[in-house]
Amino acid sequence: KECPAGEQGMPGRCSSQRLLAPVRDYTLKLRCGRTLAVSEWGDPSSHSPVVFYHHGLPFGRIEPSIYLSSKQNLEAFTEMRIRLISVDRPGVGRSDKLANRSLQSFAQDMYGVAESLKISHFAVIGFSAGASYALAQAQNDDRVKAVAVVGASIPLQRLMEDCDASFTSRTMAYIETALTNLPAIMAGIPSYCLAVLLNQLSKRFPSQATRLLARCEPKHIIDDLDEQATGAMIHQTLNDALRQGPSGFGEDFLTVLGRNWELNLSKIHVPVLLYFGKSDDLIPPGTPAWLASRCSQSKM
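Reference entry: report on the structure contained in this document. (Residues numbered from 1 in each chain as written. Predicted model: local features only at pLDDT ≥ 70, side-chain atom pairs only at ≥ 80, totals over all residues. Heavy atoms only, no water.)

### Focus on the overall build of the protein chain
Secondary structure summary: the protein chain contains 13 helices and nine strands in total. Counting every position in the protein chain, which comprises 300 residues, the buried fraction comes to 55%. Within the protein chain, residue pairs in contact and separated by at least 24 positions form 72% of the contacts whose partners lie at least 6 positions apart. Of the accessible surface of the protein chain, which amounts to about 14200 Å², a share of 55% is contributed by carbon and sulfur atoms. (Helix = DSSP H or I, 4+ residues; strand = E, 2+ residues; numbered from the N terminus. Buried < 20%, exposed > 50% of the residue type's maximum accessible area, 1.4 Å probe, protein only. Contact = heavy atoms within 4.5 Å. Areas by Shrake-Rupley, 256 points an atom, 1.4 Å probe, with all protein chains shown as cover.)

What follows is the structure, given as structure tokens:
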């Protein structure tokens, strides 16, 4: 059932002070009774520009702490004086589960979050699997004034409609299609197991976990990270995201890559910034052009 957020939850405390902890960590209760976990960084002033952050898979709402661990990133973030808000999607971290959720249902949840927090206009950013949720929020909420997506993941079946796909892409598309027919708890097992392995690696060998994550990130983002401290933050982030088991990961996978991807990108009438790395071998090469051709105000 789609339902907006209702009353605001009470501020909480982040359990770790190793790195840059959220300035606020709390829950919002939805009108239907579900709760969403929320974390905030930056300037809490009502006059600060607001940016909603949509986390990737298999991480959760405190994912920004990993990237803000970089001295360079933190300095830039501080200078911008923005209020960054990140929310666990249903079934991930501390947000209540919602079976058969969709991009549209979470956009409705986020509409209610902004309403509850009395935010009249804002930007959104989506990282990897979070990109589709950022685009859905922009499509469904006229308070969104700009969108940025980083390394966006989209269904390979959609991409192959217009692009010549490689053998690897076609194989992955068939796997996506097969997983679509599974229950969420089973569809989430691959990404859940990956998260568990990375979580254990970051606990036992934090430097190695940081180097593994760094292979997926632009060099200038991670070149000044403290490997030990960042590994500890990766462990904390995954520990929190994993607490409800694989079903939330399965819902994420099915929503972003498996089920009907119900976005109409032509309805997004605000600037859309598309960030992709030329050396990123995790994203099919046709993805940036596919998105750019459907977002009327896109810049790549």
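### Overview of the nonpolar core
With 47 residues, the main nonpolar core has Phe52, Phe122, Leu135, Val147, Leu265 and Leu291 as its most contacted residues. If sequence neighbours within four positions are ignored, Leu291 has contacts with Leu135, Ala152, Ile154, Leu265, Leu274 and Phe276. The next biggest cluster of nonpolar side chains, apart from the first, holds twelve residues, and it includes Ala195, Ala209, Met233 and Ile234. (Core = buried A, V, L, I, M, F, W, Y, C linked by side-chain atoms within 4.5 Å.)

### Digging into unusual backbone geometry
The peptide bond linking Leu57 to Pro58 adopts the cis configuration, its omega dihedral lying at 20 degrees. Among the secondary structure elements, Pro58 is positioned in the loop between strand S4 (50-54) and helix H1 (64-67). In this structure, Lys118 is a non-glycine residue whose phi angle is positive, near 60 degrees. Secondary-structure assignment places Lys118 in the loop between helix H3 (103-116) and strand S6 (122-127).

### Examining the packing of H3 against helix H4 (residues 130-140)
As a packed pair, H3 and H4 sit with axes 9 Å apart at the nearest point and diverge in direction by 65 degrees. When the interaxial angle is binned, H3 and H4 end up roughly perpendicular. In the crossing of H3 with H4, the sense of the turn from one axis to the other is right-handed. Residue-level contacts link Leu103, Gln104, Phe106, Ala107, Met110 and Tyr111 of H3 to Ser132, Tyr133, Ala136, Gln137, Gln139 and Asn140 of H4. (Axes fitted to C-alpha atoms, helices over the stretch in contact; angles between N-to-C directions. Parallel < 35°, antiparallel > 145°, perpendicular 65-115°, else oblique. Left-handed = near helix turned anticlockwise from the far one by under 90°.)

### Considering H3
Taking 1.5 Å as the rise per residue, H3 with 14 residues should run 20 Å; its terminal C-alpha atoms sit 20 Å apart, in good agreement. Of all 14 residues making up H3, eleven are buried, and the element is well covered by its neighbours. Here H3 has its buried residues at Leu103, Gln104, Ser105, Phe106, Ala107, Asp109, Met110, Gly112, Val113, Ala114 and Ser116. Immediately beyond the C-terminal end of H3, within one or two residues, lies Lys118, with a positive phi of roughly 60 degrees. (Expected span 1.5 Å × (residues − 1).)

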